[in-house]
Amino acid sequence: MTETITKPALIDGSRLITEACVQAGASVFVGYPITPANLLYSYANRRYQVMMAAPDEITTLQWMSGYAALGKIPVTATSFPGYALMVESINMAQMMELPMVIILVQRLGPATGTATAGANGDLNVIHGTISGGFQLPTFCISNFDDCWRLSAKAVHTAARLRTPVVLLTSKEMVMTQMSYDLSRLEDIEKVEIKGFEGENYLPYQANGSHVPAFLPVNQKLHQVRLTASTHNKAGILQNTTPEALDNTRRLKTKVDTGTEVVFDYDKQEGADALVIAFDITAQAAREAIVRMREKGTKAALLVLKTLFPIPEKYVQLASGYGKVVVAEENLDGQYRRLLFGPYHDHRIKGVNVMGRMVKPEEIMEAVESNG
Amino acid sequence: MDNTFLIDSRDLPFCKGCGHSSVAQMTEKALAKLGYHPLDVIMVTDIGCHGIIDKSLRTHTVHGLHGRSVAIAGGIAHGLGKKSGKKVIVFLGDGGATIGLQHILIAAHHNFPMTVVVHNNMLYGMTGGQPSEYTPDGFNTPTAPNRSSAGSLDIVQLAEAAGAGYVSRVAGIGDFSAEMAEAIAYEGFSLVEVMEICPSYGVKSNPGMKLRQLMDETGYLATKKVKTPIHADHPAYEGYNQSLISDKLLVEQLFTHRMTKPTVRILLAGSAGEGTQSAAEFLARVAMCNGLQASKKGHYPVTVGVGFSAAEVILSTGTIYYSGGTKPDFMLITSADGLDYARPHLAQAESSATVLIDESLPLPETKAKLIQLPLRAAAGVRNAAMMSIFRWADVSQLLDSQSFIDEYQRGKLAAKVPVETFSAK
Ligand code: SF4
C-alpha cells in the first residue's frame, strides 16, 4: 500500500507526543530519569513552560498534584518501576480530582526486568491502580497518528473529567524513528480549565456530567478544599456517611460515562476472523491484515485505543466472529483475559510473546491455522 | 467571611492539653500579625492527629498522604513563585517528617517558598503511639516501651544542611507566635520544629516527664538559624515556545532509488561509541531522499557506553507498519560485539543475504554472502558504522550514491570528518 507523502520527516513518537500534549494545553512536565521514557524527558525539557526534575517518582506525582491544584495540567513519563511507586499518589490525585497525564512507557518486567526491551505487561497494573475498582481513563497509542491525536485526547480528558489519565505506550513506539508525513497532523485545540463562576462554591459539588467545577487554590473568592480522604461535597473528611460515599461512587460514574471509546475497526466483507491488537502490536497486526488480504485470506482488524474503562463495545464486536485472535506482547494475554474472562471460550485465541515484538507472521498463522 | 485563620480557636479537634492546639492558635496569631487574608493562605496538612485541623480552617486546605504533604506543597509553592502574595504552610507530625524526610530536604534544597511546621511529639499519635525517627533515646512510647531508638534525628540540622535559609526549634508552650510569624514572613523555605508531648500517649508512657526538661536532656534545644539558602534562582527558560514540529524536519526527495523489491532490511551491528545509531539514522534519511519510506529501531544494553549497539533499518517503497526485525537482507558488522549480536541472524540467513564484515573479525558460519572490508581501520573505530553505510551503498547500489554525499554534508559530522574519508579506496 503506498500513500503519497507530502511532508516527509524522519521522526520518533516521543516528539509527537510531547508536542501534542503541549498544544493540547499541558504546560508542566515533572520528570525523573527512567528508560525507556528518556526521550520524552529530553523533549519536555525543550517544550514545556515548566520542567521540574524530580528526585523520585513519589515526589513526581506530588509536585504534579501541587501544580494541578493551581489549575495547570501536568504531564510525566515513566515506566513500570516508577509507576509502581506513584500508585498511592495517583490514588490521591484521583480522589482529589486533579487533572494530569501519566505517560506509561512499558518495558519488560517483572521488577527492573530489561529496561531496553519493550512489552505490554502493565495492563493489570493499570486496571488495578485505584483501590476499590475505579478506573483511570487509559488511551493506548498504536501508531504515530495516535502519538498526536491520543496525546491531545489524554490532556483533554484529564481536564474535562478532572482525573489522572494514563497514556499507554511502549519502548518501540516512543523510540523507533520512522518516516512520517507531517501533513497528517491536524490542529489541536488548546484546553483551558474553566473556573467556577457563581456564589456558594462547594469543591465537590458535581454538575450533570458528574464532574465538580474547579477553582485553583490561588484565588480568594471561595475556599477550596482538596482531600484524599473520604469526604463530603465541601471537601471535609467524613466517615462512611451517605453523602461521602455518594461522592466516592461518583468518581466511578464520571470516568465510566465520560471516557470516550476510541478504536479502529477495519471490517472485511465475509470475514469470520477478527484480529484484536493495541500498542506497537497493532502495527504487526496491520501488516498481517494487508498481507493476508493480498493472498485472499479474509480477516477483520480491531485496534483498541481506549483500554480502560474496558469498553463493552469490544466484546460486542468480537461476538460476531467465529475466530478472534488477540495479539499482545506479554506472557499470557492480559487484556484478552480482562476482556473475555480468565477462562474464555476456545473461539478466542491469544498470540503472546515476551522479550520481543509480535511478528505479523505469528498473527497470520493464528488466523489461518485450523486450531 | 470572617478574617481569622481558624473558624473557632476555642473549638479544636484535639485531646485536651494537646500541643497541636497551641500550634494552630499560634499560627493564627502569627498570620493575623502579618495581615494575611485566610484565602491567601494554602494550608497543606499531613496524615496524623495534627491533620484533623483541616476542617477547622478558613484557608484553602489540602490534605493528602502520610509523609507527602511537603511534596504536594512543593508543587504548589514552586508554581506560585516567590512574589505571589500567597502563603503555603505545611503542618506535619514527626511521623510524617520520618516518612517524607526526603521531601523536606528537597524542598529546603530547592528553597521552595513555604513554611513547614513539624509538630514533634516524638511519636505517631493517630496510630497508637509508635516511635518515629525523632523519638529520643529514653522516651517511651506505648507500642514500643523500653525500646527507644538509637537516638533521634534532628530535623532542624538536617533542613539546614540541605540548604534551608530559615530553621528554628521552639517549645510548644506559652506564646510562640512571634517565632511562628518570623518563620512565616521568611521569603523562601522555612522550617519550624515545635516540640510537644502528647498527653494521651507520651505522658502516660513517661510519667512525670516535662517538656522543657526533656528538651534539655535530649539536646532538643530551642534554636534559630537564618542564612542565605543554598539554592540560587535561575532565570526562567524562554525557549519553550518553539514547536518541536517544523519544516526543519522535512527530508527532501531529490533522488530516485533503484529498489526492485518492496522492502529491504539492513541490520547494523557494532559497538557502543562507534556511531551505530547515528549511522543507521543517516541511512534512513538517505533512503527518504531517494523517495523511500524508512524506519530505524535501536537495540542496546542499558549501559550506554559499553557493549553492543545494533540497529534495524527498513527501507520500503510503501507504508511501513511493523518496524521489528525479520530476516535482514544485509548485515553490516563492524565489531566483535556486533558479530556476537548478529550470530542468530547469521545462522538463519539465506544465501540471498549479504554481510559486510570488518576484515579483522573471524568469518562466521552462514549461508549469506560474506564481504570482508576494512571498516574499522579505514577511518578509525568511531566512524566504523558510517564507513559500513558508504560501503553498503557501493555494494547494494540501491540508492543514488550522490545522495549519501549530500546528506552527509548536511549533517554535523561533516565539519569534523570530511566526506572524502568514506570514499572507496
Ligand atoms: S493523641 Fe496525642 S497527638 Fe493526638 S490529639 Fe491526642 S494528645 Fe494530640
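A.B. asks: Tell me about the overall build of chain B, residues and numbers included.
C.D. replies: When you go through chain B residue by residue, the secondary structure sums to 12 helices and 13 strands. Expected size for 425 residues packed as a compact globule is a radius of gyration near 22 Å; at 34 Å, chain B overshoots this value by more than 25%. Judged by the C-alpha coordinates and their principal axes, chain B covers about 90 × 50 × 35 Å. Put simply, chain B shows about 17600 Å² of open surface, and 53% of that area lies on carbon and sulfur atoms. Across chain B, the mean location of the 37 positive side-chain charges is 2 Å away from that of the 39 negative side-chain charges.

A.B. asks: Kindly report on the sheet that holds strand S12 (residues 354–358) of chain B, identifying the contributing residues and their values.
C.D. replies: Pairing is mixed in the open sheet, where eight strands are placed in the order S1(A)-S9(A)-S9(B)-S10(B)-S8(B)-S11(B)-S12(B)-S13(B). In this open sheet, the two strands that pair with only one neighbour each are strand S1 (8–12) of chain A together with strand S13 (369–373) of chain B. Across the sheet, the mean angle from the axis of one strand to that of its neighbour is 20 degrees, orientation sign disregarded. Bridge count between S1(A) and strand S9 (residues 177–181) of chain A: five bridges; the pairing is antiparallel. When the sheet's bridge partners are listed, A:Leu10 is paired in S9(A) with A:Ser179. Across the sheet, helix H1 (residues 13–24) of chain A touches S1 and S9 of chain A, and the angle it forms with S1(A) is around 90 degrees. Each of strand S8 (263–271), strand S9 (293–299), strand S10 (308–316), strand S11 (330–333) and S12 of chain B is contacted by helix H10 (residues 336–348) of chain B, which is oriented at about 145 degrees to S8(B), the strand it contacts most.

A.B. asks: Help me get a handle on the packing of aromatic side chains, residues and values and all.
C.D. replies: On inspection of all chains with the given rule, the structure shows 18 aromatic pairs over all chains. Ring plane angle 45 degrees and centroid distance 5.7 Å describe the contact between B:Tyr166 and B:Tyr186, whose orientation is recorded as tilted. Taken as a pair, B:Tyr166 in strand S5 (residues 166–171) and B:Tyr186 in the loop between helix H6 (177–185) and strand S6 (190–195) lie far apart in primary sequence, 20 residues in all. Relative accessible area serves as the criterion here: at 2%, B:Tyr166 is assigned to the buried category. Each ring, one from B:Phe308 and one from B:Tyr341, has its centre 4.8 Å from the other, and the planes form 25 degrees; the classification is stacked. With B:Phe308 in strand S10 and B:Tyr341 in helix H10, the pair connects residues that are 33 residues apart, well separated along the chain. A relative accessible area of 21% means that B:Tyr341 is categorised as partly exposed. Of the aromatic side chains, those joined through ring pairs into one cluster are B:Phe282, B:Phe330, B:Phe390, B:Trp392, B:Phe404, B:Tyr408 and B:Phe422. Cation over ring: A:Lys171 sits above B:Tyr300, and NZ or CZ is 5.9 Å from the ring centre.

A.B. asks: Residues and numbers for the interface of chain A and chain B, please.
C.D. replies: How big an interface is tends to be stated in terms of accessible area lost as the parts join. With 74 residues of chain A at the contact, the number on the chain B side is 67 residues. Between chain A and chain B, a total of about 5800 Å² is buried, with carbon and sulfur atoms accounting for 60% of that surface. Among the residues chain A hides against chain B, the three largest losses belong to A:Leu10, A:Gln177 and A:Lys220. Together they make up 11% of the total. The tally of links from chain A across to chain B stands at three salt bridges. Among the ionic pairs, A:Lys7 bridges to B:Asp247, the shortest N-O distance being 3.5 Å.

A.B. asks: Can you lay out the pattern of salt bridges for me, pointing to particular residues and giving the numbers?
C.D. replies: Opposite charge on two side chains lets them pair, provided their charged atoms get close. Residue and element names in this part refer to chain A. If you walk through the whole model with that rule in mind, you get 39 salt bridges over all chains. Residue Glu172 is joined to Lys171 by a salt bridge in which the shortest nitrogen-to-oxygen separation is 3.4 Å. Look at Glu172 and you get buried, because its relative accessible area is 7%. Take Lys171: its relative accessible area is 2%, and that puts it in the buried class. Two residues, Arg337 and Asp332, come together in a salt bridge whose shortest N-O distance is 3.8 Å. Arg337 sits in the partly exposed class, given a relative accessible area of 30%. Three or more residues are tied together by salt bridges with common partners; here these are Asp146, Asp264, Arg286 and Lys305.

A.B. asks: Summarise the domain arrangement of chain B; cite the residues concerned and give the values.
C.D. replies: Partitioning chain B into domains gives domain 1 (19–241) and domain 2 (251–422). A straight line from the C-alpha centre of domain 1 of chain B to that of domain 2 of chain B covers 59 Å.

A.B. asks: How would you summarise unusual backbone geometry if you had to cite specific residues and measurements?
C.D. replies: All names here are of chain A. Geometrically, the link from Thr35 to Pro36 is a cis peptide bond, its omega value of 5 degrees lying close to zero. The linkage connecting Gly109 with the following residue, Pro110, adopts the cis geometry, with an omega of -5 degrees. Within the secondary structure, Pro110 sits in the loop between strand S5 (100–108) and strand S6 (114–118). Even without a glycine there, the phi angle at Asn200 is positive, about 50 degrees. Tracing the sequence through the fold places Asn200 in the loop between S9 and strand S10 (225–227). Look at Asn200 and you get exposed, because its relative accessible area is 71%.

A.B. asks: If you had to explain the confidence of the model for chain B to someone new, which residues and values would you point to?
C.D. replies: Residues at a pLDDT of 70 or more form 97% of chain B, whose mean pLDDT is 93. Note on the complex model: pTM 0.96, ipTM 0.97.

A.B. asks: Can you break down the packing of helix H3 (residues 57–68) of chain A against helix H2 (residues 69–80) of chain B residue by residue, with the values?
C.D. replies: Contact geometry for H3(A) and H2(B): axes closest at 7 Å, N-to-C directions at 45 degrees. Regarding the angle of H3(A) to H2(B), the classification is oblique. Along this stretch, H3(A) crosses H2(B), giving a crossing that reads as right-handed. Of the residues in H2(B), those touching H3(A) at A:Gln62, A:Trp63, A:Ser65, A:Gly66 and A:Tyr67 are B:Ala71, B:Ile72, B:Gly74, B:Gly75, B:Ile76, B:His78 and B:Gly79. Partitioning the contact of H3(A) with H2(B) into residue classes produces five nonpolar, seven polar and no charged.

A.B. asks: Can you lay out the environment of A:Glu199 for me, pointing to particular residues and giving the numbers?
C.D. replies: Residue and element names in this part refer to chain A. Here Glu199 is to be found in the loop between S9 and S10. By relative accessible area, Glu199 is classed as exposed at 66%. The spacing of Glu199 and Leu221 is 22 residues in sequence and 9.1 Å in space, taken between C-alpha atoms.

A.B. asks: Outline the nonpolar core, supporting the account with residue identities and numerical values.
C.D. replies: In terms of nonpolar packing, the biggest core is built from 172 residues, with B:Ile76, B:Met114 and B:Leu191 touching the most fellow members. With nine residues, helix H6 (residues 144–161) of chain A is the largest single contributor of residues to this core. If we ignore the near neighbours within four places in the chain, the residues touching B:Ile76 are A:Gly66, A:Tyr67, A:Ala69, A:Leu70, A:Val217, B:Ile42, B:Val44, B:Val62 and B:Val88. Counting residues in each nonpolar core, the second largest holds 43 residues, with B:Leu268, B:Ala284, B:Cys289 and B:Tyr408 among its members.

A.B. asks: Please give an account of helix H2 (residues 38–47) of chain A that cites residues and values.
C.D. replies: Among the residues of H2(A), A:Leu40, A:Tyr43, A:Ala44 and A:Arg47 are the ones counted as buried. Burial along H2(A) is one-sided: seen end-on, the buried residues are contained in an arc of 110 degrees.

Conventions used here
- Residues numbered from 1 in each chain as written.
- Chains lettered and ligands numbered in written order.
- Predicted model: local features only at pLDDT ≥ 70, side-chain atom pairs only at ≥ 80, totals over all residues.
- Heavy atoms only, no water.
- Helix = DSSP H or I, 4+ residues; strand = E, 2+ residues; numbered from the N terminus.
- Rg over C-alpha atoms; globule rule 2.2 N^0.38 Å.
- Areas by Shrake-Rupley, 256 points an atom, 1.4 Å probe, with all protein chains shown as cover.
- Lys, Arg positive; Asp, Glu negative; His and termini not counted.
- Charge placed at Lys NZ, Arg CZ, Asp CG, Glu CD.
- Pairing = 2+ DSSP bridges.
- Axes fitted to C-alpha atoms, helices over the stretch in contact; angles between N-to-C directions.
- Contact = heavy atoms within 4.5 Å.
- Phe/Tyr/Trp six-rings, centres within 6.5 Å; stacked < 30°, edge-to-face > 60°.
- Buried < 20%, exposed > 50% of the residue type's maximum accessible area, 1.4 Å probe, protein only.
- Lys NZ or Arg CZ within 6 Å of the ring centre and 35° of its normal.
- Buried area = accessible area lost by both parts, 1.4 Å probe.
- Salt bridge = Lys/Arg side-chain N within 4 Å of Asp/Glu carboxyl O.
- Domains from an automatic or database assignment.
- pLDDT = per-residue confidence, 0-100.
- Parallel < 35°, antiparallel > 145°, perpendicular 65-115°, else oblique.
- Left-handed = near helix turned anticlockwise from the far one by under 90°.
- Nonpolar A, V, L, I, M, F, W, Y, C, P; charged D, E, K, R; others polar.
- Core = buried A, V, L, I, M, F, W, Y, C linked by side-chain atoms within 4.5 Å.
- Arc of directions from axis to C-beta.

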